[in-house]
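# Inside the fold
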Amino acid sequence: GGGSGGGGSGVARLQWDVLLRLSPAQLKQLPVLSAVLDEVEEVMLDNLTTYSRTISFPELAVGVLVPLKRFRRSTKVAAWRRQVTALIQLIEQHSSFILKRRQHVTYGPADAAQVGRFLPAAAAASSPLEKFWRQYDQQRARMRAAIAVARGGG
């Protein structure tokens, strides 16, 4: 996981914010498809992190895990399988983290106030998904800063 880019092809990660259009031939190239997978991974992680503190995270994650597992089974590209497997493992680890915390809950789902306070910020900070996202976000910020400097805007 982690959106390493290029699928191990040695090609630099594509920067979508500067890429204007792709030819039909480029759309079939492995580096382009790897960059698409990286972008999809980033969007999934961003959205999952939004719900990472909710008591219903394991159930919400099923809608992401099913297509990821289907993709992992169907792809012939080993680097993509490894990347998607790492993402699946991260989501499953976080689901397990939430399920363990849920075992200690003494209120029902109808108690909206308690459900809303299920996972305090301090506990969430140690969760697998939020730890990964902080590192990922820092790496992304460094990359964007380097691009801005390279463009003469930094």
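One can find the structure itself at the top, above this paragraph.
Report follows, based on the coordinates. Fair warning: this is a prediction, and the values are worked out from it, not measured in the lab.

Moving on: the pattern of salt bridges. A full pass over the atoms with the stated rule returns 6 salt bridges. A salt bridge links Glu 42 to Arg 140; its shortest N-O distance comes to 2.5 Å. Within this pair, whereas Glu 42 is found in helix H1 (residues 30-50), its partner Arg 140 is found in helix H6 (residues 128-150), the two being separated by 98 residues in sequence. Each member of the pair, Glu 42 as well as Arg 140, carries the same accessibility label: buried. Here Glu 92 makes a salt bridge to Lys 69, at a shortest N to O gap of 2.9 Å. A residue pair is termed long-range when its members are at least 10 positions apart, and Glu 92 in helix H3 (residues 78-102) and Lys 69 in helix H2 (residues 57-74) qualify at 23 residues. By relative accessible area, which is 31% here, Glu 92 ends up partly exposed. Relative accessible area serves as the criterion here: at 27%, Lys 69 is assigned to the partly exposed category. Members of the salt-bridge network, linked through shared partners, are Glu 42, Asp 137, Arg 140 and Arg 144.

We now examine empty space enclosed by the protein. Inspection of every chain in the model, using the stated rule, returns 2 cavities of 30 Å³ or more. By volume, the second largest cavity amounts to about 30 Å³. Forming the boundary of the second largest cavity are Leu 37, Val 40, Glu 41, Met 44, Leu 68, Gln 83, Val 84 and Leu 87. Looking at the lining of the second largest cavity, the elements that each hand over two or more residues are H1 and H3. For the lining of the second largest cavity, the leading source of residues is H1, giving 4 residues.

Looking now at H3. Compared with the 36 Å implied by 1.5 Å per residue over 25 residues, the 36 Å span of H3 between its first and last C-alpha is a close match. Those residues of H3 that fall on the buried side of the exposure criterion are Ala 79, Trp 80, Gln 83, Val 84, Leu 87, Ile 88, Leu 90, Ile 91, His 94, Ser 95, Phe 97 and Ile 98.

Grouped together as the largest cluster of nonpolar side chains are 24 residues, with contacts concentrated most on Phe 57, Leu 68, Ile 91 and Leu 119. Of all elements in the fold, only H1, H2, H3, helix H5 (121-124) and H6 reach the threshold of two or more residues within this core. Broken down by element, the residue count for this core peaks at 8 residues, all from H3. Each residue touching Leu 119, except ones within four places of it in the same chain, is listed here: Ser 52, Arg 53, Phe 97, Ile 98, Arg 101 and Ala 124.

Conventions adopted
- Residues numbered from 1 in each chain as written.
- Predicted model: local features only at pLDDT ≥ 70, side-chain atom pairs only at ≥ 80, totals over all residues.
- Heavy atoms only, no water.
- Salt bridge = Lys/Arg side-chain N within 4 Å of Asp/Glu carboxyl O.
- Helix = DSSP H or I, 4+ residues; strand = E, 2+ residues; numbered from the N terminus.
- Buried < 20%, exposed > 50% of the residue type's maximum accessible area, 1.4 Å probe, protein only.
- 1 Å grid on protein atoms, 1.4 Å probe; cavity = no way out; pocket = protein on both sides within 12 Å on 5 of 7 lines; lining within 4 Å.
- Points joined across faces, edges and corners; volume = space filled by probe spheres on them.
- Expected span 1.5 Å × (residues − 1).
- Core = buried A, V, L, I, M, F, W, Y, C linked by side-chain atoms within 4.5 Å.
- Contact = heavy atoms within 4.5 Å.

In short, geometric facts, not functional conclusions.
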